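One-letter residues, chain by chain:
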Amino acid sequence: MDRLEVLIQRCYAGLDADQLRSEVLARLRGVLTVDAAFFATVDPATVLFTSAVVDEPLGAVTEQFIANEFGQDDVNKFAVLAGGRDPVRSLGQATKGDWRSSPRYVEVMRPLGLGDELRAALLSNGRCWGVLCLHRETAEAGFAEQEVQLVRRLAPHLGEGLRLGLRPTAFEVREPGPGPTDHTVWYAGGPRVGPGVVVLDTRLRMRSSSAEADYWLAELGSADELPVAVRSVAARMQLDQATARLKVRTRAGDWLQLQASRLGDDGQMVVVMEPVTPAQLGSLLLDLHGLTPAQQRVTELLLRGYSTRQIVEQLCLSPHTVQEHVRASFHKVGVGSRRELVSALLRGSASRG
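Just so it is clear, the model here is predicted, and its values are computed rather than measured.

Considering the overall build of the chain
Move 1: Regarding its fold elements, the chain presents 15 helices and 12 strands.
Move 2: Taken over 353 residues, the chain has a buried fraction of 49%.

Structural data, given as structure tokens:
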């Protein structure tokens, strides 16, 4: 078995997103020359970054990288790749060899001594779960076609691996105990903390934060450095001049919604970090379990208490088709009945699948 086949197999080894990214980047360097890499998970609804593994020298320019991605016209934007026919493309292909036509190359990559880049949107079931950006040091030649094809072959397996690694594990309710708040609801990582607020200036530097926000910032990465998820949602808000949102899973397994909006007329903004329950995650949970759009439509009605006959009438499907979708949904979520399905998806019980 060659190195690429081994790498593909590791995408199905049950690794979480951090483990998968670390192993993939190490193994990828055995089949491809990579001088620097950016490997992020994203919110599939918005393709905003939720966490990132960043090699040096890219770490020093993460702020510029994000500002370019969400606030500047350029080629090979990840959202465009995710929604296009070809989710894998090099800078050389996009610019027809004229790297200088890309602001990202001129302002971010070239000053670091980097040349061509190879970008991939990592999809599974039609949804984008992560993005990969591979860089080469400045040279006359960039990524060759066979190297682009190699990443194109690998990309859907990486997308599937990230989806599997992001699936919920255990959610539970416990008795009240010591913690940051007096709430009695617990999730995978411990006591449920309430919403937190972060205030940023026009350069996306943190001006102030609540105690709850400090807790969630630490769960997303570091209370001392603004996490990639916060930077991304704030950068998107700056571009759109409107509210921006994303959902992100913390290191402990909790889910947060981040919402950025403008604060007054002086350019400052506020990012609200609010924990969400499994019931509030909506279609994201169904996406995480790999349900097709047709299966999701049936499952959403099941979760609302519809009978098989009512689903047949509502969706204009045959009883046989509805039952097929129900069986497929049970299998993917890892349950054997409607009650278990509701428990797994709405009440947050552990999935067996």
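A short note on empty space enclosed by the protein
Empty space among the atoms can be located by rolling a probe the size of a water molecule over them.
Move 1: As enumerated under the stated definition, the model contains 2 cavities of 30 Å³ or more in all.
Move 2: Lining the second largest cavity are Phe38, Val54, Leu58, Thr62 and Phe65.
Move 3: Among the residues forming the lining of the second largest cavity, the class breakdown is 4 nonpolar, 1 polar and no charged.

A short note on the nonpolar core
Move 1: Ranked by size, the top nonpolar core spans 53 residues in total, and within it Phe39, Leu122, Leu132, Leu134, Val151, Leu158 and Leu341 carry the most contacts.
Move 2: With 8 residues, helix α7 (residues 145-166) is the single largest residue contributor to this core.
Move 3: Beyond its immediate chain neighbours, meaning those up to four positions away, Phe39 contacts Arg21, Val24, Leu25, Ser51, Ala52, Val53, Leu122, Val131, Leu132, Leu158 and Leu162.
Move 4: Counting residues in each nonpolar core, the second largest holds 48 residues, with Phe78, Leu91, Val198 and Val233 among its members.

Regarding the pattern of salt bridges
Move 1: Inspection of the entire model under this criterion finds 18 salt bridges.
Move 2: If you follow the salt bridges from partner to partner, you end up with Glu69, Asp74, Arg104, Glu117 and Arg119 in one network.

Regarding the pairing of strand β11 (residues 255-262)
Move 1: Alignment of strand β10 (residues 244-249) against β11, held across 6 bridges, turns out to be antiparallel. Counterpart to Ala244 in the pairing with β11 is Ala260.
Move 2: Hairpin connection of β10 to β11: 5 residues between the antiparallel strands, including Gly253 at a positive phi of 100°.
Move 3: The loop that links β11 with its antiparallel partner strand β12 (residues 269-275) comprises 6 residues; one of these, Gly264, has a positive phi angle of about 75°.

Thoughts on the sheet that holds β12
Move 1: Taken in spatial order, the 5 strands line up as β9-β8-β12-β11-β10 in an open sheet, and their pairing is antiparallel. Among the strands making up the open sheet, the edge pair consists of β9 (206-209) and β10. Neighbour-to-neighbour, the strand axes of this sheet turn through a mean angle of 20°, independent of strand direction.
Move 2: Pairing of strand β8 (residues 196-200) with β9, which is carried by 3 bridges, proceeds in the antiparallel orientation. Note on β9: the bridge partner recorded for Leu200 is Met206.
Move 3: Contacts between helix α8 (residues 211-220) and the sheet are confined to β8, β9, β10, β11 and β12, with β8 contributing the most and set at about 85° to the helix.

Observations regarding helix α2 (residues 17-28)
Move 1: Its 12 residues give α2 an end-to-end C-alpha distance of 16 Å, which sits within 8% of 16 Å, the value for a rise of 1.5 Å per residue.
Move 2: Taken residue by residue, α2 has Ala17, Leu20, Arg21, Glu23, Val24, Leu25 and Leu28 as its buried positions.
Move 3: Here α2 starts with a cap whose side-chain oxygen sits 3.1 Å from the backbone nitrogen of Asp18, and that cap is Asp16.

Topic: the sheet that holds strand β2 (residues 48-54)
Move 1: If you trace the 5 strands from one edge of the open sheet to the other, you get β2-β1-β5-β4-β3, paired in antiparallel fashion. Of all strands in the sheet, those bounded by a partner on one side alone are β2 and β3 (88-90). Between one strand and the next, the sheet's axes are offset by a mean angle of 15°, whatever the strand orientation.
Move 2: Direction of pairing for β3 relative to strand β4 (residues 114-124): antiparallel, over a ladder of 3 bridges. Across the sheet, residue Val88 finds its bridge partner in β4, namely Ala120.
Move 3: Where α2 meets the sheet, its contacts fall on β1 (36-43), β2 and β5 (127-137), and the angle it forms with β1 comes to roughly 150°.

Focus on the packing of helix α12 (residues 293-303) against helix α13 (residues 308-315)
Move 1: Contact geometry of α12 with α13 gives a least axis separation of 10 Å together with a crossing angle of 135°. It follows that α12 is oblique to α13 by the angle criterion. Crossing geometry of α12 relative to α13 is assigned as right-handed. Residues Arg297, Val298, Leu301 and Leu302 of α12 form the contact with α13, whose participating residues are Ile311, Gln314 and Leu315.
Move 2: In terms of residue class, the contact of α12 with α13 is made up of 5 nonpolar, 1 polar and 1 charged.

Criteria and cut-off values
- Residues numbered from 1 in each chain as written.
- Predicted model: local features only at pLDDT ≥ 70, side-chain atom pairs only at ≥ 80, totals over all residues.
- Heavy atoms only, no water.
- Helix = DSSP H or I, 4+ residues; strand = E, 2+ residues; numbered from the N terminus.
- Buried < 20%, exposed > 50% of the residue type's maximum accessible area, 1.4 Å probe, protein only.
- 1 Å grid on protein atoms, 1.4 Å probe; cavity = no way out; pocket = protein on both sides within 12 Å on 5 of 7 lines; lining within 4 Å.
- Points joined across faces, edges and corners; volume = space filled by probe spheres on them.
- Nonpolar A, V, L, I, M, F, W, Y, C, P; charged D, E, K, R; others polar.
- Core = buried A, V, L, I, M, F, W, Y, C linked by side-chain atoms within 4.5 Å.
- Contact = heavy atoms within 4.5 Å.
- Salt bridge = Lys/Arg side-chain N within 4 Å of Asp/Glu carboxyl O.
- Pairing = 2+ DSSP bridges.
- Axes fitted to C-alpha atoms, helices over the stretch in contact; angles between N-to-C directions.
- Expected span 1.5 Å × (residues − 1).
- Polar contact = N/O pair within 3.5 Å; in protein donor to acceptor, adjacent residues only side chain to side chain.
- Parallel < 35°, antiparallel > 145°, perpendicular 65-115°, else oblique.
- Left-handed = near helix turned anticlockwise from the far one by under 90°.

Just distances and angles here, no functional claims.
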